[in-house]
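Summary of structural features
So the chains spell out like this:
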Amino acid sequence: MARYEAVIGLEVHAQLATRSKMFCACASNLKDAPPNTTVCPVCTGHPGTLPTVNAGAVEMAIKVGLALGCKIHARSIFARKNYFYPDLPKGYQISQYESPLCTGGSVKVKTKRTDSEFPLIRIHLEEDAGKLMHDYGHPEKSHVDFNRCGVPLIEIVSGPDMRSPGEAGDYLRTLRNVLVYLGVCEGNLQEGNFRCDANISIRPVGQREFGTRAEMKNLNSFKAVERAVAYEIERQIKVVDGGGKVVQETRLWNDAAGRTESMRSKEEAHDYRYFPDPDLMPLTVDEKWIGRVRATLPELAHAKAMRFTRDYGITEADALIMTEDKRLADYFEETAACGAPPKKAANWIISELLRELKESEEGIAACPIGPEKLAELIGLIEDGTISGKTAKTIFAAMYRGEGVDIRGLIESKNLQQNTDSKIIEKHIDDAIAANPKQLEQYRSGKKAVLGFFVGQIMKATEGTANPELVNELLKRKLK
Amino acid sequence: MRELCKKGLAQLAELLKGRKISSVELTREYLAEIEERDPSINSFVTLCPEAAMEAAKAADARLARGEGATALTGVPIAIKDIFVTKGVRTTCCSRILENYVPPYDGTVVAKLKASGAVMTGKLSMDEFAMGSSNEFSAFGPVKNPWDRSLTPGGSSGGSAAAVAAGLTPVSLGTDTGGSVRQPAAFCGVVGLKPTYGRISRYGIIAFASSLDQVGPMARDVRDCAAMLGAVAGHDELDATTIPAPVPDYAASLTGDVRGKTVGVPREYFVEGIDPEVESAVRAASDVLARLGAKVIDISLPHTRYSLACYYIIAPAEASANLARYDGVRYGHGSRNAKDLDALFSDSRTEGFGPEVALRIVLGTYVLSSGYYDAYYLKARKARTLIKGDFLEAFKECDAIIAPVTPTPPFRLGEKIDDPIRMYLNDIFTIPVNLAGLPGLSMPCGVTKSALPIGMQLIGRPLEEAELLNMAYAYERATEWHTKVPVED
């Protein structure tokens with residue numbers, strides 16, 4: 001294994017969350033839109049139509065460039081990338097080629113696993129194409145949905161600096177996180193608004209020249225990226241070890257089969273005949289504009305994590321976990337703002353909430369328990385109304401859709417914390433009577449047996465007894 | 001010819017505003033005139049009588065209210081079939097768009113409609129505006145009203161012929177390498193290619209985006225000016241339009257050229273130019289001198305690269321602009337294609353004519369990897385030099401006078417099989433497009449065989465008013481614009 005080194009570069013296409021498309025006024029949010037309903041003569045390339053640049057998309061691209069430390073170019077050029085395909089209405093895609101909007105910069109990855117920085121080559125703007133539908137009506141016919149035509153994308157091209165599937169995955173997760181933090185992309189791989197192609201090659205350890213690379217497409221989850229990269233590295237090693245040569249080609253990741261498959265070779269590759277689009281003036285971005293965009297940059301994940309440790313006194317590990325997802329970090333801050341002690345809120349979010357989210361495979365957006373509810377729940381533990389254990393029961397009930405009326409749930413489930421010392425004393429008496437042996441042990445100095453009695457009483461009260469009260473009364477009785 | 005059809009735009013507007021005639025009446029006259037006399041000229045591809053009558057009624061109502069009437073309200077006009085018209089078949093005179101009915105109006109058409117103009121129909125042209133003789137129309141050539149055996153020029157041959165024949169008082173064409181000015185010269189009318197970006201290209205079927213420009217055509221300078229004013233201006237839908245105010249071109253015509261300097265480029269009077277053309281243009285510069293302008297010799301040294309430069313840039317852009325005609329969404333789609341590649345290639349092979357196919361192949365070639373630097377990039381550099389020549393010259397002169405074409409109108413069929421000879425016909429107009437400058441063509445004489453000769457005035461960017469005024473001065477001092485084709 002150590003004889004070869006993998007060289008991995010990623011090309012990410014991120015759909016910008018603009019209201020309108022890249023070059024026309026059509027809505028660019030296509031969710032649930034029936035085929036060919038968010039289209040106009042411009043985005044469907046009708047004769048005579050011309051593109052005009054969406055300043056909002058340019059702004060978002062600048063934002064990403066600034067966040068990743070890129071150079072924002074005062075002058076960039078839109079070019080035509082020419083090829084024929086039924087989902088490409090104009091017969092060319094407007095993209096940036098020789099002079100992109102942003103160059104340089106890097107993605108700083110800081111996780112438990114790595115703390116490294118991956119340089120970027122460029123970020124450029126382009127329009128999306130439509131999509132073919134093969135499962136619509138007649139099985140022998142294909143249809144085209146042009147809704148997606150003209151939706152603004154940025155392509156973020158990394159340098160060939162990743163060396164393992166894990167690094168590729170970490171890079172991608174961090175990049176996605178940055179885009180979501182910036183509010184410029186929804187970052188959903190399954191819905192295709194965050195797409196990744198991977199260029200992979202191998203070379204003997206110590207060699208400086210790159211090997212022949214293959215391009216992986218169709219990677220629509222983080223897991224798929226890591227698996228595809230791992231598979232491809234192994235495949236190329238086998239080819240080379242078997243005396244063969246890796247050919248330059250495009251390969252598709254078949255997730256179900258767990259392997260990459262050849263799609264087209266270099267010989268079939270397109271000559272895109274790029275040239276500057278004469279319908280668009282060079283894109284000029286002045287310092288003032290960049291300054292205005294810079295002023296809107298939000299706090300990014302790492303800065304936020306550092307602030308969390310500083311302002312809320314939570315551990316760095318906890319802060320890093322919570323800032324991996326901006327919405328989760330927001331959730332934490334809102335919970336704290338609702339009065340929950342930050343450390344407790346962080347514990348609840350990391351242990352209970354994240355577990356539930358993971359189990360239901362949903363994002364924080366789908367969480368039925370709002371921050372104010374979590375704060376309320378924590379508050380009830382704090383003031384002794386319920387025990388931590390009861391709170392977990394309530395939390396689970398709320399998460400499973402039993403409603404978010406916490407007090408109602410406590411009552412209906414009869415989970416009110418028992419602070420009636422007479423009842424508790426009765427349970428203590430029962431427990432002492434039933435366990436003479438343990439009583440003797442305690443009295444002979446084995447103070448740890450106290451815990452056993454507490455457990456017995458909590459069990460008898462189904463967890464509703466106030467543990468502090470139980471402790472206090474027990475100690476008194478056992479004297 | 002019907003009496004009303006002899007009148008120009010300005011006169012018609014006056015009659016309409018004074019309620020001496022109605023737009024309905026006028027439109028009916030024009031439609032009858034077209035029906036009667038166009039068959040021998042073939043300048044119209046599509047007539048829209050019903051829509052025209054509707055528009056005429058609306059214009060009459062507007063005129064009756066007496067408010068908001070423009071120079072075009074109620075006037076029947078016709079436009080080149082390259083302008084996209086909502087609900088009206090727009091073919092660009094190509095088989096591939098034979099049945100295309102656009103879902104929208106382009107900016108120029110919307111402006112004409114808003115000004116109250118009445119569109120009678122769409123005028124013939126070379127397919128996708130590629131050609132200099134109108135013989136590349138998929139619907140048959142247009143004939144020159146001065147002599148039916150001659151070409152009207154191209155690609156806006158229909159637009160020029162219809163104005164010359166009195167089938168429309170004014171028209172619109174487009175000019176990529178001379179397509180307004182050359183047919184204007186061949187048909188003895190006034191045609192203007194404004195500064196690149198002066199008029200919106202939104203809704204004009206693209207040929208070569210960095211060169212295409214809309215151009216008004218009329219029987220005299222004043223009408224041409226009015227037409228320009230009606231359609232010029234910045235457009236949010238066309239990123240290449242210039243955000244400069246539009247002057248009242250017609251109102252700014254004074255006819256005074258005293259103190260102006262006119263340059264005569266020596267590279268435009270060279271071997272191969274017809275002596276009758278040369279002497280007519282030289283005589284025209286004498287007229288301007290007599291009117292008080294100073295005439296000087298100038299040099300535009302990179303002129304000789306223009307043709308080569310143009311035949312790289314224009315086809316390159318065209319090859320991309322015409323890629324959208326793939327048989328998938330609109331226009332001709334091949335029926336029998338078995339796979340995707342066949343659908344694309346068969347649809348295009350069946351739909352495009354020979355000149356269009358030639359230029360697409362040429363354009364694809366010059367953009368292909370390995371050749372881009374040698375051709376396209378070099379052509380762009382040459383273009384910069386050509387533009388530089390003009391800007392240099394304009395330090396010394398206010399306008400440039402030159403021939404429009406090297407020869408008077410040629411015969412139909414004469415050059416159709418010889419692309420290079422055909423291309424040479426635009427040698428004096430092409431540099432103006434490459435430089436993005438305004439250029440005007442107007443009658444300045446007739447040949448011994450009584451065919452029109454045109455001269456070209458070239459101006460600084462956005463100085464259409466200056467150019468029109470110089471043309472107006474010349475027009476007032478001469479009578480060439482009053483000559484009209486003899487009716488059969």
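Now for a look at the structure at hand. Computed from a prediction, not measured in an experiment: that's the story for all the values here. (Residues numbered from 1 in each chain as written. Chains lettered and ligands numbered in written order. Predicted model: local features only at pLDDT ≥ 70, side-chain atom pairs only at ≥ 80, totals over all residues. Heavy atoms only, no water.)

1. Some thoughts on the packing of helix α1 (residues 55-67) of chain A against helix α4 (residues 287-294) of chain A
Residue and element names in this part refer to chain A. One can describe the packing of α1 onto α4 by two numbers: an axis separation of 9 Å at closest approach and a directional angle of 70°. In terms of orientation, α1 lies roughly perpendicular with respect to α4. Across from A55, V58, E59, I62, K63 and L66 in α1, the residues of α4 making contact are W289, I290, V293 and R294. (Axes fitted to C-alpha atoms, helices over the stretch in contact; angles between N-to-C directions. Helix = DSSP H or I, 4+ residues; strand = E, 2+ residues; numbered from the N terminus. Parallel < 35°, antiparallel > 145°, perpendicular 65-115°, else oblique. Contact = heavy atoms within 4.5 Å.)

2. Examining the packing of helix α6 (residues 316-323) of chain A against helix α8 (residues 342-360) of chain A
All names here are of chain A. Two elements in contact, α6 and α8, have axes whose closest approach is 10 Å; the angle formed by their N-to-C orientations is 55°. Our classification of the angle between α6 and α8 gives oblique. Note on packing geometry: the crossing formed by α6 with α8 is left-handed. Where α6 abuts α8, its residues D318, I321 and M322 lie against A346, N347, I349, I350 and L354. (Left-handed = near helix turned anticlockwise from the far one by under 90°.)

3. Here we look at empty space enclosed by the protein
Where empty space is left can be seen by rolling a probe of water-molecule size over the atoms. All names here are of chain A. Enumeration according to the criterion identifies six cavities of 30 Å³ or more in this entry. As a volume, the largest cavity reaches approximately 90 Å³. For the largest cavity, the lining is made up of 14 residues, of which F23, V42, C43, P51 and K90 are closest to its centre. A class-by-class count of the residues in the lining of the largest cavity yields eight nonpolar, two polar and four charged. (1 Å grid on protein atoms, 1.4 Å probe; cavity = no way out; pocket = protein on both sides within 12 Å on 5 of 7 lines; lining within 4 Å. Points joined across faces, edges and corners; volume = space filled by probe spheres on them. Nonpolar A, V, L, I, M, F, W, Y, C, P; charged D, E, K, R; others polar.)

4. A closer look at the environment of B:S23
All names here are of chain B. Structurally, S23 can be placed in helix α2 (residues 23-37). The class of S23 is buried, set by a relative accessible area of 0%. Residues S23 and A56, spaced 33 residues apart in sequence, show a C-alpha to C-alpha distance of 5.1 Å. When sequence neighbours within four positions are dropped, the list of residues in contact with S23 reads L16, A56, A59, D60, G74 and V118. (Buried < 20%, exposed > 50% of the residue type's maximum accessible area, 1.4 Å probe, protein only.)

5. Examining the pairing of strand β4 (residues 78-82) of chain A
All names here are of chain A. Among the five residues in β4, five count as buried, and that is most of the element. Along β4, one buried face is formed by F78, R80 and N82 and the opposite face, lined by A79 and K81, is buried too. Two elements, β4 and strand β5 (residues 92-96), share five bridges in a ladder whose sense is antiparallel. Counted as the bridge partner of F78 is Q96 from β5. Pairing of β4 with strand β16 (residues 275-276), which is carried by two bridges, proceeds in the antiparallel orientation. Looking at β16, one finds that A79 is bridged to P276. (Pairing = 2+ DSSP bridges.)

6. Side note on the environment of B:A465
All names here are of chain B. The residue A465 is located in helix α15 (residues 464-477) in this model. For the pair A465 and L228, spaced 237 residues apart in sequence, the C-alpha separation works out to 9.9 Å. A465 has contacts with Y249 and S252, leaving out every residue within four places of it along the chain.

7. Considerations on the pattern of salt bridges
All names here are of chain B. Enumeration over the complete set of coordinates arrives at 56 salt bridges over all chains. In this structure, the salt-bridge partner of R95 is E98, at a minimum N-O distance of 2.9 Å. Among the salt bridges present, the one from D326 reaches R329, with a minimum N-O distance of 3.3 Å. Of the residues examined, D326 reaches a relative accessible area of 2% and is grouped as buried. (Salt bridge = Lys/Arg side-chain N within 4 Å of Asp/Glu carboxyl O.)

8. Side note on helix α1 (residues 9-17) of chain B
All names here are of chain B. Every buried residue of α1 is listed here: L9, L12, A13 and L16. One side of α1 carries all its buried residues, which in axial view fall inside an arc of 100°. Contacts from the buried residues of α1 go to α2, α3 (49-65), β4 (170-175) and α7 (221-231). R19 occupies a position one or two residues after α1 and carries a positive phi of about 60°. (Arc of directions from axis to C-beta.)

9. A closer look at the nonpolar core
With 205 residues, the main nonpolar core has A:L125, B:F128 and B:F390 as its most contacted residues. Membership of the second largest hydrophobic core comes to 37 residues, among which are A:A346, A:L377, A:A391 and A:F395. (Core = buried A, V, L, I, M, F, W, Y, C linked by side-chain atoms within 4.5 Å.)

10. Regarding the interface of chain A and chain B
Interface size is commonly expressed as the accessible surface area that is lost when the partners come together. Chain A puts 32 residues into the contact, and the matching count from chain B is 39 residues. Regarding the contact of chain A and chain B, the summed buried area is about 2800 Å², with carbon and sulfur atoms giving 62% of it. Summed over the shared surface of chain A and chain B, the number is one salt bridge. The partner of B:R201 in a salt bridge is A:D279, with the nearest N and O atoms 3.1 Å apart. Viewed at the interface, chain B and chain A are joined by 14 residue pairs in polar contact (both at pLDDT 80 or more). Secondary structure elements with two or more residues in the side of chain A that touches chain B: β4 and β16 of chain A. Residue composition of the side of chain A that touches chain B, grouped by class: 19 nonpolar, eight polar and five charged. (Buried area = accessible area lost by both parts, 1.4 Å probe. Polar contact = N/O pair within 3.5 Å; in protein donor to acceptor, adjacent residues only side chain to side chain.)

Note that every value here comes from positions in space, so none of it alone points to a role or purpose.
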